[in-house]
Amino acid sequence: MTIQRIALPLMALGLLCGAKDTARAQAPTNAAHSLSQPLRTPTVYRSSNGVLAVTIVAAPTRVAFGGQLIDGATYNGEYGGPVLRLHPGDTLRMHFINHLPQITNVHFHGLSVTPQGHGDDSMHMIAPGESWDYVFTIPKDHAPGVYWYHTHGHDFAERQVMGGLSGTLVIEGFQDEVPVTRALTERLMALKEFSPNGSGHLNHVPKPSHGTIKTINGQLDPQIAMQPGETQLWRISGQTADGYFRLHATGLKLVVLGRDARPLVTPEATDEVLIGPSERVDVLATAGAAGRYSLMQERTDTGPLGDMSPAQEMASVLVASDSSRPAPAPLGPIVVNAPKQLPVPAGHIDARRLVVFSEDPTTGLFFINHQTFDPKRTDIKVPLGSIEEWTVRNASQELHVFHIHQVAFQVVSINGKAVPFVGLRDTIDVPIHGEVKIRMAFTDPRIVGRFMFHCHILEHEDKGMMATMEVYDPKTGPMGDMKMSAAMVDAPHAG
């Protein structure tokens, strides 16, 4: 199958890659991993009769990574994060309790739901000891797929996400859109990272490199069991504060089926999968001969001012026959039965905007259009019904990751080179000293309200690289000035 990529090659993006270990890639290894355990799926909460009612408690948590204890912060005591599973049309009722010593909140990444009231309002903060009810309905026509939820407090999002405050959210229906996956074993894989200091605490200025602990579902180097010739559906989410994962699996064939909760128009056969902060990827993984193989995080470097991540084994893949299960049948044709994804209409563009990501290495501040984030300021106001083209430019010496709440977008070009339409995204890498042109339709009345766009490398967001926009009803006009909640003003931040 021909590889068709949405982005430029990794070197063009500025993601510098170390060479693979060719000896390791040629054959399975047989080294024993005494601490390795089978890959676990965190606790799953499923909707029933159209409602998912769940209580989520954010609290300080001591977390064990192998022989090391760290001071984290988790939802319901699970560093891997509880899994929420709903269907289109279901209502989520999340009773959220904050037992942290800092303010916090929850953002539902990628969902096209209201940003107002008790919906996906990333401006509303919950003070220590307080609770809040998130209540909203997943639209019946919502794209199924893997999403995630996480804390979104400005100035401390990096440390809270790194501590463990995230979880996977699945809108059911992807397997119906890609029928070949229905009979396959589904594995949810939340990629996380933690950067501790010598005593196991979060670094006060986390800069993930060398000492960062990288896990799948909160596990160090777990085991993934497969049979020879078996294909599994791996649903991988980059629930990292800052880090990239460049995953390479010896002894397996990989086909990328979807990104950011939407099937690709054309699946991509590949030998490695790049997952940036907040991205989600659906992958068909097919095992070869019996043996032990490595799922590797290959070396990455996001630029002269960015972060370096060394190679490490993320999981061991144990391929062996299982007499208790039937031999896997050959994989059938990959047919996508999803509603046809169409490019965002380009016949009439209501506005064209330039969004510039930049930074000051001296002060450590990060900017969007030469401004740091101010929650009281609305940077862009868009009337409902508009279609816009944005050029997102990176004027710095490291990668940035553009994300916008509530809206999916089409990638039109990267560094001036047209990109074939393969599906909508909610996250995209912006190359070093390069630019990405995207097109968005602000036409869904459900998204009326205020929400953010920002760099999803959370160190950058916390240090200023975030802005606020408002989609307003032209009949009523924009809202007045933003009023911060008492929690945003008075409660302690992460310290």
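The rules behind the values
Residues numbered from 1 in each chain as written. Predicted model: local features only at pLDDT ≥ 70, side-chain atom pairs only at ≥ 80, totals over all residues. Heavy atoms only, no water. Helix = DSSP H or I, 4+ residues; strand = E, 2+ residues; numbered from the N terminus. Contact = heavy atoms within 4.5 Å. Areas by Shrake-Rupley, 256 points an atom, 1.4 Å probe, with all protein chains shown as cover. Pairing = 2+ DSSP bridges. Axes fitted to C-alpha atoms, helices over the stretch in contact; angles between N-to-C directions. Buried < 20%, exposed > 50% of the residue type's maximum accessible area, 1.4 Å probe, protein only. 1 Å grid on protein atoms, 1.4 Å probe; cavity = no way out; pocket = protein on both sides within 12 Å on 5 of 7 lines; lining within 4 Å. Points joined across faces, edges and corners; volume = space filled by probe spheres on them. Nonpolar A, V, L, I, M, F, W, Y, C, P; charged D, E, K, R; others polar. Core = buried A, V, L, I, M, F, W, Y, C linked by side-chain atoms within 4.5 Å. Polar contact = N/O pair within 3.5 Å; in protein donor to acceptor, adjacent residues only side chain to side chain. Phe/Tyr/Trp six-rings, centres within 6.5 Å; stacked < 30°, edge-to-face > 60°. pLDDT = per-residue confidence, 0-100.

**Observations concerning the overall build of the protein**
Each helix and strand counted, the protein has six helices and 34 strands in total. By sequence separation, contacts in the protein at least 24 residues apart represent 78% of the contacts at least 6 residues apart. Carbon and sulfur atoms make up 54% of the accessible area of the protein, which amounts to about 18,600 Å² in all.

**Considerations on the sheet that holds strand S13 (residues 223–226)**
Here five strands make up an open sheet; going across it, the order is S13-S23-S20-S15-S18 and the pairing mixed. Here the strands that pair on one side only, and so sit at the sheet edges, are S13 and strand S18 (272–275). The mean angle between the axes of side-by-side strands here comes to 25°, regardless of whether they run parallel or antiparallel.

**With respect to the pairing of strand S17 (residues 262–270)**
Taking burial as the measure, the nine residues of S17 include seven buried ones, the bulk of the element. Where strand S16 (residues 252–259) and S17 come together, five bridges link them in antiparallel fashion. Counterpart to Val255 in the pairing with S17 is Ala269. Between the end of S16 and the start of S17, which pair antiparallel, lie two residues, with Asp260 showing a positive phi angle near 50°.

**As for the layout of surface pockets**
Taken as a whole, the largest pocket holds about 900 Å³ of empty space. Along its surface, the largest pocket is lined by 30 residues, and Asp141, Ala143, Arg262, Gln341 and Leu424 are the ones closest to its centre. The biggest single contributor to the lining of the largest pocket is S17, with four residues. Split into classes, the residues belonging to the lining of the largest pocket amount to 19 nonpolar, five polar and six charged.

**A few points about the nonpolar core**
Core analysis: the biggest nonpolar cluster contains 35 residues, and Trp390, Phe402, Ile404, Phe442, Phe453 and Met469 have the highest contact counts within it. For this core, the element with the most residues is strand S32 (residues 435–442), which contributes four residues. Among all residues touching Phe402, those that are not within four sequence positions of it are Phe357, Trp390, Val392, Phe409, Asp426, Thr427, Ile428, Val430, Ile438, Phe453 and His454. By size, the runner-up hydrophobic cluster in this structure holds 28 residues, among which are Met189, Ile216, Leu295 and Val319.

**A word on the sheet that holds strand S9 (residues 145–150)**
Across the sheet, which stays open at both edges, the five strands sit in the order S2-S5-S10-S9-S7 with mixed pairing between neighbours. Two strands lie at the open edges of the sheet, namely strand S2 (44–46) and strand S7 (107–109), each paired on one side alone. Averaged over all pairs of adjacent strands, the angle between strand axes in this sheet comes to 25°, irrespective of strand direction. Bridge count for S7 against S9 is three bridges, and the pairing is antiparallel. Counted as the bridge partner of His109 is Trp148 from S9.

**Observations regarding the side chain of Thr270**
Along the chain, the position of Thr270 falls in strand S17. For Thr270, a relative accessible area of 11% corresponds to the buried category. A polar side-chain atom of Thr270 sits 2.7 Å from the main-chain carbonyl oxygen of Glu272.

**Describing the environment of Gln175**
Along the chain, the position of Gln175 falls in helix H4 (residues 174–177). Residues Gln175 and Leu233, spaced 58 residues apart in sequence, show a C-alpha to C-alpha distance of 9.4 Å. Non-local contacts of Gln175, meaning those with residues more than four positions away in its chain, are made with Thr181, Arg182, Glu186, Leu233 and Arg235.

**As for unusual backbone geometry**
A positive phi angle, near 55°, is found at Asn49, a position not held by glycine. Along the chain, the position of Asn49 falls in the loop between S2 and strand S3 (51–65). Given a relative accessible area of 81%, Asn49 falls into the exposed group. The phi torsion at Ser278 lies on the positive side, around 85°, for a residue other than glycine. Note that Ser278 resides in the loop between S18 and strand S19 (280–287).

**Things to note about the packing of aromatic side chains**
A ring pair, where both rings are aromatic, is described by two values, the distance of the centres and the angle of the planes. Tallied over the full model, the rule gives 13 aromatic pairs. Aromatic side chains Trp390 and Phe402 sit 6.2 Å apart centroid to centroid with 70° between the ring planes, which places their arrangement in the edge-to-face category. Separated by twelve residues along the polypeptide, Trp390 in strand S27 (residues 386–394) and Phe402 in strand S28 (residues 400–404) bring together distant segments of the chain. The pair formed by Trp390 and Phe402 is uniform in burial state, with each residue classed as buried.

**Things to note about the pairing of strand S24 (residues 351–360)**
Strand direction decides the pairing type here: S24 and S27, joined by seven bridges, are parallel. The residue bridging Arg352 from the neighbouring strand is Glu389, located in S27. Two strands pair when backbone bridges link them, and S24 and strand S25 (residues 365–368) are joined in this way by four bridges, in the antiparallel orientation. Looking at the pairing, Phe357 lines up with Ile368 of S25. In textbook terms, the turn of a hairpin is the stretch between consecutive antiparallel strands, and for S24 and S25 this stretch comprises four residues, one of which, Gly364, has a positive phi near 80°.

**With respect to the environment of Tyr472**
Take Tyr472: it is sitting in strand S34 (residues 466–472). The buried category is assigned to Tyr472, whose relative accessible area is 17%. Residues Tyr472 and Gly385, 87 residues apart in the sequence, show an inter-C-alpha distance of 9.4 Å. Contact partners of Tyr472, with chain neighbours within four places excluded, come to Lys381, Val382, Pro383, Leu384, Val448, Gly477 and Pro478.

**With respect to the confidence of the model for the protein**
Across the protein, the average pLDDT comes to 88, with 87% of residues at or above 70. Confidence drops under a pLDDT of 50 for residues 1–13, and excluding neighbours within four residues, the segment shows 38 contacts in the predicted structure. Residue range residues 484–491 is modelled with pLDDT below 50. Its contacts to residues more than four positions away, or to other chains, number 17 contacts.

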